[in-house]
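Each chain, written out:
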Amino acid sequence: MAFTTNGEYLVSAHYNGVRDWRVEDSKEIATMKSGAVHCLAVSKDGRWIAAGIHWGNVIVWNTKTYEKVAEFRDPNSFVIYGVDFSPDSTRLVTASSSGTATIWDLTTRKQVSRWPHKNMVTAAKYSPQGDRIATATHESVCVWSDGNDSRLPGPRLVDIPVTVTPDCDTRLLWFKDHLFVISDRKIKEFEGSTGSPVSEWLVADTTGSSCIALPQHGEFIAHSTKRTLTFWDTSTHTRLGLIQHPEDILSIVFSPDDRFLAINGEDGKIIIKNLEDVSLEALPSYSTLPFIDITDTTFDSWKQAQLSDAEVSLTVTSGHKNRHALAIRALVRAHMRLWDLAIDDAEKVGLHLLSRTLILIPCNPKSINIRPSTIGYIAKSVALIGNGQKEDGLRVFDLAFRHCPPTYVDLLLLIKAVILFMAGEHNGAVSRVGDLIATAFKSTCYMNYMYLLLGNSHIENSDYEGAIQSFKYAEAQMRNYMGAPLMSISLISGWKFDGLGIEIQQGLCEALYTAGRTKDAGESLLKLVDNFGEEVYMSGHITDWVSGFTQRCLSVLESNGGTASKAVSHSLTPMPLLREWTKATLASRSWKDALVTAAGFIVPRFTIYRSICEHLGAIDRAADEIECFLQMANDSTLEADTDGEQAKWSLEFRQYCASMLEHLGDTAADAEQLDEAITQYSTALSLNPPVPNDILVKRSAGLIVSTESHYVIALDALPPWGYESVLKEWTKVKLTDGPWRNALRTAGDFKVPRFTVYQALCERLEILDRIMDAIDCIHALESKLAQELDGEQTKRLADFKSRCGRKIEDLGDLAMSGRQHDKAISQYSVALSLDPANAPALFLKRSKARAEMGLWKDALSDANEVITRDPSSPSGYESKHIALCGAGRNGDATVVFETMLSKMSLSSNPEIRERSRKYVDPAQIEATIRGAIQNAIRESPPILINTHTGRLLDKSGQASSFESQPIFHELVSSMTTDIDHARIEHEVAQYYRYAMFSHKWKDNEPLFEEVIHIVVYDLEQSLTHHKLQMFCKTVRDAGLHWAWSDTCCINKADPSVLQEALISMFQWYQASAMTLILLCDISSPSLRGDLMGSIWNTRAWTFQEYHASKVVRFYNKDWTLYRNINIPNHKESPEIISEMEEATGVSARALTALRPGSEDIREKLRLASTRQTTRIEDAAYSLLGIFSLSLPAVYDTSILAWTGKSGSFNSCLPGKITVFNQLPTSHIPRPITRAEVEVITAGLRVSSVNLSLVTTLHDRLNELRIPLFAGKRMTLPCIAFRLGPLSVSRGKSERAFRAQTAALGIVEIKTEEDLSRLDSLYLVRPWIDFLLDRQPVGSVIETIPEEHTDGQSSLISELPRSLHVASAAPQTRTARFASRFGLSFGGRTATRPQDAGSLRPPSSLTQTDKQMRALQAIPRLRQPFGALLLTPSLGNVAAYRRVSAESLITVQVEEITPTVLNKLIDGVRVVDVL
């Protein structure tokens, strides 16, 4: 069950759905159908009802309309055990048998997150703040974070190991930040944020149907088990009150205002208790009952007369070691009339009866449980008396006083009086009770119970007057309080004191009735019903008694005649008694007989009518009910009461009867029983209903059809408000087959407003789905009556046009689905003229239809109309995007699409925001295109000519040029939901196809530095300029955007660029789309044999250009095709292949099969030998591609000469190859493991090494550029150590020198060279990659021609004339050509893992990471290493040479101090070595 937010309604679970009840009058408002409901909840804002049913389904209904708004399903679940709404009512959490708790979003109708558990989840509850969720299983209670807006499940915050059973979510509650659960027969309280226990206390047996509920204030908690509901103080854990229910309790819930408590029983009946009527005072604990100490389970079973359960419970705990349980079991068995077993239990307590003498058996003084006890004697006494041994039983009871505490002596005396009464000594018992009332109990609450006993005694002795007096005194003293002493008496005697007030009233009624005082008995009965009405009708046997007693009283009243008039007087509020009389009378008589029988009652005649009418309605005798009311309405004997209760009830009942009669008329009309319908309508009208119009019209319609009268006569007989109904019948006949204009002509004689006729025709045409006729009728109405319409008619016309517009819209939708776009456009246009309020949706649909037909301008116009009317609508922008794309305005389309996505992301509608996720952001498409561009131009020449603009562009310019192309915008705008990678790659690859130029150079060719700043087509007129221009135009005419010529596309002033071109040229020709070959010495028309004699066929470079290219085309010097052979690829021309065969002396087959590589080396060299070059080295360069060779520079210090004489090319290279006979790694520092690095690094941190200096050193090492060979010059990054003064020791063939350094200590050098003659000496350590723990960078080292070194400076400033500091690496081509794409383009260097200008790692690091890396370099820096000995080179102040050493110079940094670190930092250099 659950109350709605305002507390006015209560929803309850049912076997086939959910019912909604109005609390005020207990009326069922609605039933929401579903399967069997296991749990339900009402949202905090009162908008939703959620129910968990079988097969893992959860249904959500609207509380206003009772419509199903959502249905969720857990596919793996059989049962949903719990549901709960978040405080903001936007989410729903469910607990399922599949072991999951799931959050559902009520806006998107989708699953948000899901938490798996090991066992089935029996409950799930939102915290009051909504930020957490508690879930319960058989093993634990977990608290989870709600996860906010994330789609991932929130983390588990708390895990509380506690068992929560059974499978029901009514055992887990939040209150503020605390959790309450039922577990192990206890209510337990925990901190919700930490899971720490707060409190716990024992309650009754928690098996079976058991639940808890908390009011808003949280001062007490309600707990139910079986048929008992208990209120507990949440602070003191004391019991505050009890409610007994006639059936097992399934669920309980407090109203939001804490005024009511709803109790749902096993029989499906719901009782709502007003908490003001429930006494909530502290009750004694079961363990504090006088003489009785039992468990809660036993108490509940005993108190509810479930004696077998109590016996079982006591059997488990009884035995020789628990004599108290044996005594209680003796009492229980006595109540079960198991006398022998009861006596046996009592004797085991420690009593033994010999003959007629009671002897106490000695027992262990240390054991309380086996001492003779008061309850033991009482139990023995009850068992003996029940078994017929009255004297023995009374003697045993007297011994109970020996062990009774003084405070309970008076109570024991009272119990003895009860025992006497049970033994049949009523007089003695009554006397004792009288004495106790006069002495001990005058001022106590027990007095009323004594009078109850006296009253029962008097009835037993037929002393009815005495019973009446006793019951009246008991009635006056009665309290709703069940004290501990009385509980003990109840359990011992078996007498029930629950509902004592009803018993007293019943006793008084019976006593008065038996005494012949029927009038007083009737008054007492009325008092009972008024005071205990709810309890009376909750209990079936009490209800039956009231009904029976009422009939007995009424029978006496009827038979006595005159007495009847005195029995029920107006002053006694007779309705309850009269209702009972009515119920009894109408069970066997007609209402008219009952009315005759009541003629003698001095009760207002109206009251009798009312009672009979209401009861007839209750037993579904509607016809009798109406007949009785009509007789009452015509009864002249009734006194008029225009303002009082009688008038109010009469008016309400009159309306009710009119409604009933109208319904009966409708039923008859539906069955075509027109006469019956007319009769019912006429009767209804006779009751003067407050709104008779509908009934009158229905009757008139029936009269028209049944009498077949003319419509004109019928209309004349009706008031204006009845026209509509008659006209409906008229249009039904006239428009079934005929045109509407004919029907309009027949209505010329109608004395009805013309608008009403048009309206009837339009509405009938609408019903017949003749929408176009209805629209024509509307237009006719507007043209005829536009100036005559009043406000109401104008509104009705607008509503009708709107309805027709929507139906026409539906027809348009149908046409669209059938791809009848022209018809759909027509329908939408008509709908727009009818329903301006729906214009945005109609413009949108018409825009889509026009777009389907390719009417882009019209589609764009409609889309703009949508945006104008609703600027926040994403759909308008979507249609505009489609129209712009279709019109070829792709750039504008992309802007509109971005605007649409922005509108969607800012929308307040979650569904629109969710829909935006299916679209692809144009920025993502652009990034994909740029990635494809990177791949497309990575291996192409660094400089190309754009054939359309005539500009030379580097990689950056080439890349950006694509974005100015229409295809770029088309790609971006066309891919709205998915990225078509294949299409992007194809379009980009097509765009970046380029053509190469093969020709014989001439003087004054346009070079790079001349063309870079000018458009090719704007060059001054010259033969060479014309040649370049014609080459570009021809390439452009062939459909290619890019061209390359070796004259202007190589910056020969940059040796590195030239070097790259020489190495890469073959690959460029090989990757080109085509190569244009200009035969500058052949005029048109060219003839066979001209190619063989062309100078082009003698050049070395043209040899590789022809063979590298896949597609070639030969042109004469006037740029006409050679021999007019117009085919795409001249390599496929037999004529040209034949000439090439003659020119080269190689067969056509061999010439075609010639491929780059190491095959047919001699043949390739033979062919090359016939070619000429301007430079000698070009002969070698031009063969690189033919043999698939390249000249990568390899930087690997293992090939340097660490010992022995220097080579002639560079002093660091060996003079003889025998130097490599030494161990290959003798000069390399020993590898050091990461474990060793970590140990040393930890020591450095402990020793407080100067992190700032260490980090500076590491940064300086990172800033070093890569090694380079420039001709004979090697640029070497290193750490340089200057040697101090030398000392010499001479051997036979070599000298040994010693020198002091600041960081390395004493160094020993063996060499044949006299070091003392040298100005300065340096030991250098080139192991930079080793220090930084990186792979060698030799695979990316560049070789630069020697001329590039002219004017270059060396880098160690503090050394005389030769070395200066490397402040910054020179700009490389990679840096110059760095594009917006974040990658470098430069032939092979584009594959580098880092910038070619330095050794700096590519990723940025935090300060802590930098310090850690810097510290990790120190252990490697401390290792011994092989060093090179350098001295300034004679004749070149900017370079150094290596000094030959006879053995490896091995040195080591001694220690890491601030001084040493500063020296190391100053020694970080780049040295040029010759």
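Reference entry: report on the structure contained in this document. (Residues numbered from 1 in each chain as written. Predicted model: local features only at pLDDT ≥ 70, side-chain atom pairs only at ≥ 80, totals over all residues. Heavy atoms only, no water.)

1. As for the sheet that holds strand β14 (residues 132–136)
At step 1: Spatial ordering of the open sheet is given by β13-β14-β15-β16, a layout of 4 strands whose pairing is antiparallel. The open sheet has two edge strands, β13 (123–126) and β16 (156–160), and neither has a second partner. The average angle at which neighbouring strand axes cross in this sheet is 15°, direction not considered.
At step 2: Where β14 lies against strand β15 (residues 141–145), 5 bridges are found, and the strand directions are antiparallel. In the sheet register, R132 faces β15, and the bridge partner there is S145. (Pairing = 2+ DSSP bridges. Helix = DSSP H or I, 4+ residues; strand = E, 2+ residues; numbered from the N terminus. Axes fitted to C-alpha atoms, helices over the stretch in contact; angles between N-to-C directions.)

2. Overview of the packing of aromatic side chains
The description of two aromatic rings rests on the distance between their centres and on the angle between their planes.
At step 1: Inspection of the entire model under this criterion finds 22 aromatic pairs.
At step 2: Seen from their ring centres, F220 and F231 are 5.7 Å apart, and the 85° between their planes marks the pair as edge-to-face. Linking F220 in strand β22 (residues 220–225) with F231 in strand β23 (residues 228–233), this pair joins segments that are 11 residues apart in sequence. There is no split in this pair, since F220 and F231 are both buried. (Phe/Tyr/Trp six-rings, centres within 6.5 Å; stacked < 30°, edge-to-face > 60°. Buried < 20%, exposed > 50% of the residue type's maximum accessible area, 1.4 Å probe, protein only.)

3. A closer look at the pairing of strand β2 (residues 9–14)
Each regular strand shows side chains that alternate between the opposite faces of the sheet.
At step 1: Sheet topology note: the strand β1 (residues 2–3)/β2 ladder contains 2 bridges and is antiparallel. When the bridges of β2 are listed, F3 appears paired with L10.
At step 2: Between β1 and β2, which pair antiparallel in sequence order, lie 5 residues; one of them, G7, sits at a positive phi of approximately 75°.
At step 3: By the bridge criterion, 6 bridges tie β2 to strand β3 (residues 17–22) in an arrangement that is antiparallel. Its bridge partner being in β3, H14 is matched across the sheet by G17.
At step 4: Hairpin remark: β2 followed by β3, antiparallel, with 2 residues in the connecting loop.

4. Comments concerning helix α32 (residues 856–869)
At step 1: Spanning 14 residues, α32 covers 20 Å between terminal C-alpha atoms, matching the ideal 20 Å at 1.5 Å per step.
At step 2: For α32, the complete set of buried residues consists of A859, L860, D862, A863, V866 and I867. Along the long axis of α32, the arc covered by the buried residues comes to 165°, so they all point the same way. In α32, the exposed residues that point more than 90 degrees away from the buried face are K857 and T868.
At step 3: Buried residues along α32 sit in contact with α31 (839–852) and α33 (874–886). (Expected span 1.5 Å × (residues − 1). Arc of directions from axis to C-beta. Contact = heavy atoms within 4.5 Å.)

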